[in-house]
Amino acid sequence: MQKRVLSKYDGKKYGWFFQMKELLLMVILAVLVFRFVIGVSRVVGSSMYPELEEGDIVLYTRLGSDYAYGDIVFVKMPSGEQFVKRVVALGGDTVDIRDGRLYVNDKEEAAGYVNGETAAAEGITYPYTVEEGRIFVLGDNRAVSTDSRSFGAVSKRQVKGKLVWY
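This structure is a prediction, so every number in the text was calculated from the model and none was measured.

Asks: Would you mind showing me how to read the pairing of strand S11 (residues 159-165) here?
Replies: Each regular strand carries side chains that alternate between the two faces of the sheet. Across three bridges, the pairing between strand S2 (residues 57-61) and S11 is antiparallel. Residue Thr 61 lies in a different strand from S11, and its bridge partner there is Lys 162. As paired strands, strand S3 (residues 72-76) and S11 are joined by three bridges and run antiparallel to one another. Within S11, the position partnered with Phe 74 by the bridge is Gly 161.

Right, here's the structure in full:
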């Protein structure tokens, strides 16, 4: 009789063990996805206003390094600072700022997302040619944004991902 009782409880014990194994596997998979495929960040500051506001949660993909004009990217600087900015010029492009406007390859930026005038910052001489393997990024709220006008074009290695949900 004792043997029948023990075998009855053994099945429940193993069922719990397999459920814990599945849970552990799902946790490991989630950690790997968020470590290598998808990133999550919170927007700090108002440099991307009105597209993004302070406190917004954004998801970005870590896959790929092909960026296009207008993409919003998550950039990590060597100092540890992190920025969310918009790509305005790619490697080989010439950037010029004059009369409060941005010109890329002698064409004026006509994007509707720009908030305020684009003023040049000290330290960068215009026209500025973006090196291959780098991108020039600006915030949409140009008056308050710390961006490539201050620190120059960023390396594609500094870009941690492209925003996919915001």
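Asks: I tried to follow the pattern of salt bridges on my own but got confused; where do I start?
Replies: Note that side chains of opposite charge can pair when their charged atoms are close. Enumeration according to the criterion identifies eight salt bridges in this entry. For Arg 86, the salt bridge identified is with Glu 51, shortest N-O distance 3.7 Å. One end of the pair, Arg 86, is in strand S4 (residues 82-90); the other, Glu 51, is in the loop between strand S1 (38-42) and S2, and 35 residues separate them in sequence. Residue class for Glu 51 comes out partly exposed when judged on its relative accessible area of 36%. Residue Glu 131 is joined to Arg 134 by a salt bridge in which the shortest nitrogen-to-oxygen separation is 3.9 Å.

Asks: Explanation requested: a nonpolar patch on the surface in the structure shown.
Replies: Residues Trp 16, Phe 17, Phe 18, Met 20, Leu 23, Met 26, Val 27 and Val 31 make up a contiguous nonpolar surface patch of roughly 830 Å² in combined accessible area. If you trace the backbone, Met 26 turns up in helix H1 (residues 2-36). Met 26 sits in the exposed class, given a relative accessible area of 54%.

Asks: What is the right way to look at the sheet that holds strand S8 (residues 128-129) in this model?
Replies: Sheet strands line up and pair through hydrogen bonds in the backbone, either parallel or antiparallel. Taken in spatial order, the four strands line up as S7-S6-S5-S8 in an open sheet, and their pairing is antiparallel. The outermost strands of the open sheet, each flanked by one partner alone, are strand S7 (107-108) and S8. Examined bridge by bridge, strand S5 (residues 94-98) and S8 share two bridges and lie antiparallel to one another. Bridge pairing in S8 places Thr 94 opposite Thr 129.

Asks: Explain the nonpolar core to me, please; I cannot follow it from the model alone.
Replies: For soluble globular proteins, the rule of thumb is that nonpolar side chains tend to be buried together. Core analysis: the largest hydrophobic core is formed by 13 residues, its most contacted members being Ala 89, Val 95, Leu 102, Tyr 126, Tyr 128, Val 130 and Phe 136. Those elements that place two or more of their residues in this core are S4, S5, strand S6 (101-104) and strand S9 (134-138). Those residues in contact with Phe 136, other than ones at most four positions away along the chain, are Arg 86, Val 87, Val 88, Ala 89, Val 95, Tyr 126, Tyr 128, Val 130, Ser 148, Arg 149 and Ala 153. Ranked by size, the runner-up nonpolar core spans 11 residues in total, among them Val 75, Ile 135, Val 154 and Val 159.

The rules behind the values
Residues numbered from 1 in each chain as written. Predicted model: local features only at pLDDT ≥ 70, side-chain atom pairs only at ≥ 80, totals over all residues. Heavy atoms only, no water. Pairing = 2+ DSSP bridges. Helix = DSSP H or I, 4+ residues; strand = E, 2+ residues; numbered from the N terminus. Salt bridge = Lys/Arg side-chain N within 4 Å of Asp/Glu carboxyl O. Buried < 20%, exposed > 50% of the residue type's maximum accessible area, 1.4 Å probe, protein only. Patch = residues over 30% accessible without salt bridge, like charges linked within 9 Å, V, L, I, M, F, W, Y side chains within 5 Å. Areas by Shrake-Rupley, 256 points an atom, 1.4 Å probe, with all protein chains shown as cover. Core = buried A, V, L, I, M, F, W, Y, C linked by side-chain atoms within 4.5 Å. Contact = heavy atoms within 4.5 Å.

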